[in-house]
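Chain by chain, the residues:
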Amino acid sequence: MEKELYKAYVSILEEELIPAMGCTEPIAIAYAAAIAKAALGSLPEKTEISVSGNIIKNVKSVIVPHTGGLHGIEAAVAAGLVAGNAKKELEVIADATEVEIANIAEYLKTADIQVSRAETERIFEIDIRVFAAEHSASVRIVDGHTNVILVQKDDEILYESKAVSSDPEEAVHKTDHSILTVEQIVAFAEEVAIEDVKEVLERQISYNTAIAQEGLTGQYGANIGKVLLTSYGDSVSNRAKAWAAAGSDARMNGCELPVVINSGSGNQGITVSLPIIIYARELNVSDEALYRALVVGNLVAIHLKTGIGCLSAYCGATSAGCGAAAGIIWLYGGRYKEIAHTIVNSLAINSGMVCDGAKASCAAKIASAVGAGLLGMEMYRQGRQFYAGDGIITKGVEKTIINVGDLAREGMAETDKQIIEIMLR
């Protein structure tokens, strides 16, 4: 692999596989609020926040960690204002103290927080303005969870960025994700020096395993992980689904443990990594083999999500489940041909599963996505596959990935709007 391409692939992993505590959309709101408070210089007397429909969808039902079980946009705003440390970005409220957590609930009782839906074509937009005495401050985040493009106090611009996509549906990345291809991902996984990726992958293994264990031992949401283990036994395939679901059980329902995300999503980070980890343990492979399989899985998930966009009506767990299967078949000795067919088979099964926001049922969708990935893998291991012309499948894995992106980004745009309207009723 060319040196510059190699460095870009390492950078993509470093940029995407970052820690976050809680669902990333409410945490992005808390992050914006913390920046706004710092700019204002005091706790505001009044807050106005305007967000895009997809933010509303993903914040409405999920519990914000370190709030004592609160959920919704107002809770996320209050958490950022009362207990936020903007320097920690997606771990903005990770260090909230017991006193601060109690103060969040108290602040909400009297706080003037006005929420509205932004009049924007952007999928991802957060605009917040805070007021105290005769002063105000505002913050704007677009196209990505930490992509701050404006910080202003009164009439003074404190920070302004040009990092805005010309396409409002296209997420902003530091490294060009269009360079990703399945063939190059496999080549990179084969030759990458482990020390170049070990730190981010070790953190992913540690964080995501810990939250899955918490989900299996605690009482979170609908306890999908426990239901799977109780109902369907201890096979490696069922454990792969159950551990991934359990991580989401905990994360969607207030667990304060961090996760390492993928494509801006903790659920996608959980979905792509835990099944690979479970299979690696079952197969008793070396640490190096696990790292290389995780490189395959993570980059495949990122590649699939790039054409879809940051947020959409297309459930991102589908892409992550495909990535997990790609990493698992690598553990079994599969390389480009086997991985490409696994991806195509998996996409044929579950593409079109809708995202109706972050909530407890995400865990069940994750189990379904992992199951689709594993079925796609087993199909090819047994000499079975879907062919070009079967629905959205076409000849060549890259062309099929393009089709899925078109389906999710363009074809499901109206579905996304309808889902949001239903949730706002």
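To be clear, the structure that these remarks concern was listed above.
Here we summarise the structure given alongside this text.

Reading the values: the criteria
Residues numbered from 1 in each chain as written. Predicted model: local features only at pLDDT ≥ 70, side-chain atom pairs only at ≥ 80, totals over all residues. Heavy atoms only, no water. 1 Å grid on protein atoms, 1.4 Å probe; cavity = no way out; pocket = protein on both sides within 12 Å on 5 of 7 lines; lining within 4 Å. Points joined across faces, edges and corners; volume = space filled by probe spheres on them. Helix = DSSP H or I, 4+ residues; strand = E, 2+ residues; numbered from the N terminus. Core = buried A, V, L, I, M, F, W, Y, C linked by side-chain atoms within 4.5 Å. Buried < 20%, exposed > 50% of the residue type's maximum accessible area, 1.4 Å probe, protein only. Lys, Arg positive; Asp, Glu negative; His and termini not counted. Salt bridge = Lys/Arg side-chain N within 4 Å of Asp/Glu carboxyl O. Contact = heavy atoms within 4.5 Å. Phe/Tyr/Trp six-rings, centres within 6.5 Å; stacked < 30°, edge-to-face > 60°. Lys NZ or Arg CZ within 6 Å of the ring centre and 35° of its normal. Polar contact = N/O pair within 3.5 Å; in protein donor to acceptor, adjacent residues only side chain to side chain.

### Digging into empty space enclosed by the protein
Consideration 1: Counted under the stated rule, the structure contains 1 cavity of 30 Å³ or more.
Consideration 2: Space inside the largest cavity adds up to approximately 330 Å³.
Consideration 3: Along the wall of the largest cavity there are 30 residues; nearest its centre are N58, S265, Q268, G316 and C355.
Consideration 4: At the level of secondary structure, the elements contributing two or more residues to the lining of the largest cavity comprise α2 (24-40), α3 (53-59), α9 (236-252), α10 (266-283) and α14 (362-381).

### Quick look at the nonpolar core
Consideration 1: Core analysis: the biggest nonpolar cluster contains 132 residues, and I29, I126 and L299 have the highest contact counts within it.
Consideration 2: With 12 residues, the top contributor of residues to this core is α2.
Consideration 3: I224, L228, A242 and A367 belong to the second largest nonpolar core, which has 6 residues in total.

### What to know about the side chain of E91
Consideration 1: Counting through the fold element by element, E91 comes out in the loop between α4 (73-83) and α5 (98-110).
Consideration 2: There is no salt bridge for the buried E91, and the closest opposite charge comes from K88, which lies 5.2 Å off by N-O distance.
Consideration 3: E91 has contacts with P19, A20, M21 and P258, leaving out every residue within four places of it along the chain.

### Here's the deal with the packing of aromatic side chains
Consideration 1: Per the counting criterion, the structure on display carries 3 aromatic pairs.
Consideration 2: Ring geometry for Y6 against F188: centres 5.3 Å apart, planes inclined by 65°, an arrangement best described as edge-to-face. Residue Y6 is located in helix α1 (residues 3-16), and its partner F188 is located in helix α6 (residues 182-191); the two are separated by 182 residues in the primary sequence. F188 shares its class with Y6; the two are buried.
Consideration 3: The interplanar angle of 70° and the centroid separation of 6.3 Å between the aromatic rings of Y279 and Y332 together place this pair among those described as edge-to-face. Taken together, the residues Y279 in helix α10 and Y332 in the loop between α12 (317-331) and α13 (336-350) connect sequence positions 53 residues apart.
Consideration 4: Here the aromatic cluster, defined as three or more aromatic residues joined through ring pairs, consists of Y6, Y9 and F188.
Consideration 5: Taking NZ or CZ as reference, K46 lies 5.6 Å from the ring centre of F131, over its face.
Consideration 6: The aromatic ring of W243 is capped on one face by R281, whose charged end is 5.9 Å from the ring centroid.

### Observations concerning the side chain of E125
Consideration 1: Inspection of the secondary structure puts E125 in strand β4 (residues 125-132).
Consideration 2: In this structure the side chain of E125 is engaged in a polar contact, spanning 2.8 Å, whose partner is the side chain of T120.
Consideration 3: Polar contacts involving the side chain of E125 include one to the side chain of R140, which spans 3.2 Å.
Consideration 4: Here E125 is in contact with S50, V51, S52, I55, T120, R140, I141 and V142, once residues within four sequence places are set aside.

### Section: the environment of G84
Consideration 1: Here G84 shows up in the loop between α4 and α5.
Consideration 2: Placed 54 residues apart in sequence, G84 and A30 show a C-alpha to C-alpha distance of 6.8 Å.
Consideration 3: Excluding its chain neighbours within four sequence positions, the residues that come into contact with G84 are A34, A79, V92 and I93.

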